[in-house]
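Residue-level listing of the chains:
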Amino acid sequence: MANKRQLKKEIHFVTGELISECLYNSCFVKDMDAAKNDEILQKVIDMQQEFLSRVNLSDGKNNPKIVKKYYRKLIEDFDKKIEEVLNDFTQINK
């Protein structure tokens, strides 16, 4: 991680792409559960808000090891949430 600004940009980009995928599904995919798509959309929006707020709340400002550990955990959690959302997409697009 270079800095907080880059991390926030990455979170915005990834969640923006997932939101675009939800909107694409709602407009162009005919045989899909619209309610499930809306749930995924809300999940992505909540995920974006959660992780953007977590970027600003690092523990141990004077200890670089604690800060690095905090941001590694944040990135791992973000990756897990992305995988969950992508699995949800594959389930509704079958």
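Residues numbered from 1 in each chain as written. Predicted model: local features only at pLDDT ≥ 70, side-chain atom pairs only at ≥ 80, totals over all residues. Heavy atoms only, no water.

J.: Lay out the overall build of the protein chain in plain terms, naming residues and giving numbers.
T.: Broken down by element type, the protein chain carries three helices and zero strands. When the helices and strands of the protein chain are read in sequence order from the N terminus, they spell out α-α-α. Taking 2.2 N^0.38 as the reference for a compact globule, 94 residues should give roughly 12 Å; the C-alpha atoms of the protein chain span a radius of gyration of 16 Å, well beyond that estimate. Reported as C-alpha extents along the three principal axes, the dimensions of the protein chain are approximately 55 × 20 × 15 Å. The buried share of the protein chain, reckoned over its 94 residues, is 30%. Summed over all atoms, the accessible surface of the protein chain reaches about 6600 Å², with 53% contributed by carbon and sulfur. Charge-centre separation for the protein chain: the mean point of 17 positive side chains lies 11 Å from the mean point of 16 negative side chains. (Helix = DSSP H or I, 4+ residues; strand = E, 2+ residues; numbered from the N terminus. Rg over C-alpha atoms; globule rule 2.2 N^0.38 Å. Buried < 20%, exposed > 50% of the residue type's maximum accessible area, 1.4 Å probe, protein only. Areas by Shrake-Rupley, 256 points an atom, 1.4 Å probe, with all protein chains shown as cover. Lys, Arg positive; Asp, Glu negative; His and termini not counted. Charge placed at Lys NZ, Arg CZ, Asp CG, Glu CD.)

J.: Can you explain the side chain of aspartate 77? Please cite residues and give values.
T.: Within the fold, aspartate 77 resides in helix α3 (residues 64–92). Classification of aspartate 77 as buried rests on a relative accessible area of 17%. Here the side chain of aspartate 77 touches arginine 54 through a polar contact of 2.9 Å, side chain to side chain. Setting aside its immediate chain neighbours within four residues, aspartate 77 contacts Phe51 and Arg54. (Polar contact = N/O pair within 3.5 Å; in protein donor to acceptor, adjacent residues only side chain to side chain. Contact = heavy atoms within 4.5 Å.)

J.: Report on the pattern of salt bridges, specifying residues and quantitative values.
T.: For the coordinates displayed, the defined rule picks out five salt bridges. Between lysine 73 and aspartate 77 there is a salt bridge, with the nearest N and O atoms lying 3.1 Å from each other. One end of the pair is lysine 73 and the other is aspartate 77, both in helix α3 and four residues apart, which spans about a single turn. Judged by its relative accessible area of 42%, lysine 73 is partly exposed. Within the structure, one salt-bridge network assembled from shared partners comprises Glu50, Arg54, Lys73 and Asp77. (Salt bridge = Lys/Arg side-chain N within 4 Å of Asp/Glu carboxyl O.)

J.: Explain α3 to me, and be specific about the residues and the numbers.
T.: The terminal C-alpha atoms of α3 lie 42 Å apart, and with 29 residues this matches the ideal 42 Å at 1.5 Å per residue to within 8%. Those residues of α3 not exposed but buried are Tyr70, Tyr71, Leu74, Asp77, Phe78, Ile82, Val85, Asp88, Phe89 and Ile92. Lining the buried residues of α3 we find α1 (4–28) and α2 (34–55). (Expected span 1.5 Å × (residues − 1).)

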